[in-house]
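Given next are the chains, with one letter for each unit.
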Amino acid sequence: MAISLQISGSGWTTEQLDRLSEVVLSEGTPDGLLFHAIWLTGDGAEGMDFCASRDHFDRFASEKLGPAAAAAGLAPPDVREFALHDFYPR
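Residues numbered from 1 in each chain as written. Predicted model: local features only at pLDDT ≥ 70, side-chain atom pairs only at ≥ 80, totals over all residues. Heavy atoms only, no water.

K.L.:
In this structure, what is going on with the sheet that holds strand β3 (residues 44-51)? I would like to understand it.
P.N.:
Two orientations exist for strands paired in a sheet by backbone hydrogen bonds: parallel and antiparallel. Across the sheet, which stays open at both edges, the four strands sit in the order β2-β3-β1-β4 with antiparallel pairing between neighbours. Strands with a single pairing partner mark the edges of an open sheet, and in this sheet they are β2 (33-41) and β4 (78-83). The mean inter-strand angle of the sheet, taken between neighbouring strand axes irrespective of direction, is 15°. Bridge count between strand β1 (residues 3-10) and β4: six bridges; the pairing is antiparallel. Across the sheet, residue S4 finds its bridge partner in β4, namely F82. Along the sheet, helix α2 (residues 54-71) contacts β1, β3 and β4; its crossing angle with β1, the most-contacted strand, is approximately 35°. (Pairing = 2+ DSSP bridges. Helix = DSSP H or I, 4+ residues; strand = E, 2+ residues; numbered from the N terminus. Axes fitted to C-alpha atoms, helices over the stretch in contact; angles between N-to-C directions. Contact = heavy atoms within 4.5 Å.)

Structure follows, in structure tokens:
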């Protein structure tokens, strides 16, 4: 089942997010990633990820995202997960 993850990162900066994106996308789009968006807020960043399944996200997070985020100096985010009732790829 496809999922959505709402991500809130306090204190995150543009420079940190750019470093993270460089590493994460260095080998192409992660397997199972359907959509990703992130925007800056007054105190950090907010984002949404849509993944084909929780297994896809967990594998990506443990193998690539987690280590790259730590290397970029990002504090762990607050994450809310939602199961998607409908998803229509373009």
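The discussion continues.
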